[in-house]
Amino acid sequence: KDNTWWESPWVLVPERRYLLLLQICLLFLQNPLSIVSYFNPELYSNAKMHAAADSIVGIGVQGILLFWLCIMEGLRYHTADIARKRADHQRQVMELRRAEKFLRESH
């Protein structure tokens, strides 16, 4: 079965949703209205076109910062959760080793 990147089980659940939005913001950062104005030069002299193009770039920058923050916070949460599980597992291993040592010495 082929999975696309947003269906991959290796991408953790909340971060998976942010990746597509992050790519859309990257597209906004490239300013697609500049391409439109390149093929329609009469639009380039329009002040509303410049305002819309600048707004799209601003939305792209703010969106990238927002979604990057969301991804990093989510990864920090999952990393802390994994570290906590690893520490609990290590603690259980140490208890079992002490119990094994105690049982070996008592016989």
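Residues numbered from 1 in each chain as written. Predicted model: local features only at pLDDT ≥ 70, side-chain atom pairs only at ≥ 80, totals over all residues. Heavy atoms only, no water.

> Before we move on, could you go through the packing of aromatic side chains and cite the residues and values that matter?
Applying the stated rule across the entire model yields 2 aromatic pairs. Residues Y38 and F39 carry aromatic rings whose centres are separated by 5.2 Å and whose planes lie at 80° to one another, so their mutual orientation is edge-to-face. Here Y38 matches F39 in class, with each residue exposed. (Phe/Tyr/Trp six-rings, centres within 6.5 Å; stacked < 30°, edge-to-face > 60°. Buried < 20%, exposed > 50% of the residue type's maximum accessible area, 1.4 Å probe, protein only.)

> Please set out the side chain of N31 residue by residue, giving values where relevant.
Considering the arrangement of structural elements, one finds N31 in the loop between α1 (13-29) and α2 (32-39). Overall, N31 belongs to the buried group, its relative accessible area being 12%. With residues near it in sequence (within four places) discarded, N31 still touches A53 and V57. (Helix = DSSP H or I, 4+ residues; strand = E, 2+ residues; numbered from the N terminus. Contact = heavy atoms within 4.5 Å.)

Just distances and angles here, no functional claims.
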